[in-house]
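# Inside the fold
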Amino acid sequence: MELGVIGLGRMGQIVADRSLSAGHDVVAFDLSAEATATAAENGAEPADSVADLCDRLDDGGGDGGGKRIWLMVPAGDAVDATLADLEPHLDGDDVVVDGGNSQFRESVRRAEETDAAYLDCGTSGGPASAEAGFSLMVGGPAWAYEAMVPVFDAVATGPDGHDRMGESGAGHYVKMVHNGVEYALMQAYGEGFELLTEGRYDLDMETVARTWNNGAVIRSWLLELCEEAFREEGSDLGDVADHVAGGSTGTWTVREALEQEVPVPIIYQALAERFDSRNEGRFSRRLANRLRYGFGRHEVARRSGEE
Ligand SMILES: NC(=O)C1=CN([C@@H]2O[C@H](COP(=O)(O)OP(=O)(O)OC[C@H]3O[C@@H](n4cnc5c(N)ncnc54)[C@H](O)[C@@H]3O)[C@@H](O)[C@H]2O)C=CC1
Ligand SMILES: O=C(CO)[C@H](O)[C@H](O)COP(=O)(O)O
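The structure contained in this document is the topic of the report that follows.

Cut-offs and rules
- Residues numbered from 1 in each chain as written.
- Chains lettered and ligands numbered in written order.
- Predicted model: local features only at pLDDT ≥ 70, side-chain atom pairs only at ≥ 80, totals over all residues.
- Heavy atoms only, no water.
- Helix = DSSP H or I, 4+ residues; strand = E, 2+ residues; numbered from the N terminus.
- Buried < 20%, exposed > 50% of the residue type's maximum accessible area, 1.4 Å probe, protein only.
- Contact = heavy atoms within 4.5 Å.
- Areas by Shrake-Rupley, 256 points an atom, 1.4 Å probe, with all protein chains shown as cover.
- Lys, Arg positive; Asp, Glu negative; His and termini not counted.
- Charge placed at Lys NZ, Arg CZ, Asp CG, Glu CD.
- Core = buried A, V, L, I, M, F, W, Y, C linked by side-chain atoms within 4.5 Å.
- Pairing = 2+ DSSP bridges.
- Right-handed = clockwise from strand over helix to strand, strands pointing away.
- Near = heavy atom within 4 Å.
- Polar contact = N/O pair within 3.5 Å; in protein donor to acceptor, adjacent residues only side chain to side chain.
- Nonpolar A, V, L, I, M, F, W, Y, C, P; charged D, E, K, R; others polar.
- Expected span 1.5 Å × (residues − 1).
- Arc of directions from axis to C-beta.

## Focus on the overall build of the protein
Tallying secondary structure elements over the protein gives twelve helices and eight strands in all. Across its three principal directions, the C-alpha atoms of the protein cover 80 × 40 × 35 Å. Looking at the protein as a whole, 43% of its 307 residues qualify as buried. At a minimum sequence separation of 6, the contacts of the protein that also span at least 24 residues come to 59%. Surface accessibility of the protein: about 16,500 Å² in total, with carbon and sulfur atoms responsible for 51%. The distance from the centre of the 25 positive side-chain charges to the centre of the 56 negative ones in the protein is 13 Å.

Shown next as structure tokens:
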């Protein structure tokens, strides 16, 4: 098949590389000329604009259908900007895959607005899965999913690494919830290792993680990444800061849970902890400190220099 890949950052380069390795032809474009050049070095045909990419793509997609295009740009405005550039070149037998972390409602809107068949594709595995392949959760028209199966086979771990979740939006919906689960698991491992670190035995965290990863009920890829982190940073995580960035996909998950009236306290708590990691001197804690004086005349701890 011939595939256009737009967005060649950490994830898009892997989409291009794995497609090339499976014998597909790739036409590649990124706003960054350097990223496009890297894809070209790896065997893709470089394009210098979205229009140029469409001109270079075989209209038959190599499978007798229309163009086949994979977007791997940052979620949000970049997706809309790319679609606006693509729109004059698209018609009903073309397929556009959005493999980024787009909000599922945005994907439903885009699917309605574009002339092409639009597949929202949640992608899990991250750059660390370049060699093994990704897990792909796809939403959108069944015929478009079927048309893309050869590329999904290549980009995913294999035929079992992708499936059609349902209608438009379902792919990004499943990926959103996946990320909520990811937050909760990260939090659970974090709390367990914190207790072990602060607790009563002098333990080596890499040893604990490695032992757990070999046969324990809680073994997992995230736990293997914990083991790797302790190996590379040290048992006390060295100078790694207690600041966790990101948060958009977890926020969407919690909002959706509220709308559906489904309790997700653990996912919410993990999200809240992430927000909390960015706050120094939380106001609520300062007020609680002062209120204990108010009702109990307990001593007020003061910030240094503000006695
Ligand atoms: N990094 C990760 O672990 C994962 C990322 N994702 C999602 O995949 C998408 C891409 O992520 P990354 O590759 O990590 O981001 P990245 O920042 O490494 O790469 C994005 C690329 O898109 C290019 N770009 C931006 N706007 C563009 C436009 N209008 N036209 C053409 N190229 C444009 C940038 O120049 C950059 O090379 C995001 O939606 C992200 O949330 C999904 C799963 C895992
Ligand atoms: O999707 C992912 C992993 O599955 C990406 O790593 C994503 O960037 C994480 O987003 P955030 O932590 O900001 O919600």
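## Structural notes on the nonpolar core
Within soluble globular proteins, side chains that are nonpolar tend to cluster in buried spots. Ranked by size, the top nonpolar core spans 31 residues in total, and within it Val 15, Trp 70, Val 97, Leu 119, Leu 136, Met 148 and Phe 152 carry the most contacts. Among the elements that line this core, the one with the most residues is helix 6 (residues 142-155), at six residues. Among all residues touching Leu 136, those that are not within four sequence positions of it are Trp 70, Cys 121, Gly 122, Thr 123, Phe 152, Val 155, Ala 156, Gly 161, His 162 and Asp 163. Listed in part, the 18 residues of the second largest apolar core include Leu 83, Leu 90, Ala 116 and Tyr 118.

## A word on the pairing of strand 8 (residues 162-166)
Pairing between strand 7 (residues 135-139) and strand 8: four bridges, direction parallel. Counterpart to Leu 136 in the pairing with strand 8 is His 162. Each parallel crossover has a hand, and the one from strand 7 via helix 6 to strand 8 is right-handed.

## As for the site of ligand 2
The environment of ligand 2 is formed by Asn 101, Lys 175, His 178, Asn 179, Glu 182, Tyr 183, Gly 246, Gly 247, Ser 248, Thr 249 and Arg 274. Between an oxygen atom of ligand 2 and a side-chain N or O atom of Asn 101, the distance comes to 2.8 Å. Within the side chain of Asn 179, one N or O atom sits 3.1 Å away from an oxygen atom of ligand 2. For ligand 2, whose unbound accessible area comes to 380 Å², protein coverage reaches 65%. Put simply, the parts of the chain that give the shell around ligand 2 at least two residues each are helix 7 (170-198) and helix 10 (248-260). A total of five residues in the shell around ligand 2 trace back to one element, the largest contributor, which is helix 7. The residue makeup of the shell around ligand 2, split by class, is one nonpolar, seven polar and three charged.

## Topic: the site of ligand 1
Among the 20 residues in the neighbourhood of ligand 1, the closest are listed as Arg 10, Met 11, Asp 30, Asn 101 and Thr 123. Note that an oxygen atom of ligand 1 is positioned 2.9 Å from one of the backbone N or O atoms of Met 11. At 2.9 Å, a backbone N or O of Asn 101 approaches an oxygen atom of ligand 1. Relative to its unbound accessible surface of 830 Å², ligand 1 loses 76% to contact with the protein. The residue makeup of the shell around ligand 1, split by class, is eleven nonpolar, seven polar and two charged.

## Here we look at helix 9 (residues 221-233)
Here helix 9 contains 13 residues, and its C-alpha end-to-end distance of 18 Å stays within 8% of the 18 Å for a straight helix at 1.5 Å per residue. Those residues of helix 9 that fall on the buried side of the exposure criterion are Leu 223, Cys 226, Glu 227 and Phe 230. Projected down its long axis, helix 9 carries its buried residues within an arc of 100°, all on one side. A side-chain oxygen of the first residue of helix 9 lies 3.3 Å from the backbone nitrogen of Leu 222; this N-cap is Ser 220. Just past helix 9, the residue Gly 234 takes up positive phi, approximately 105°.

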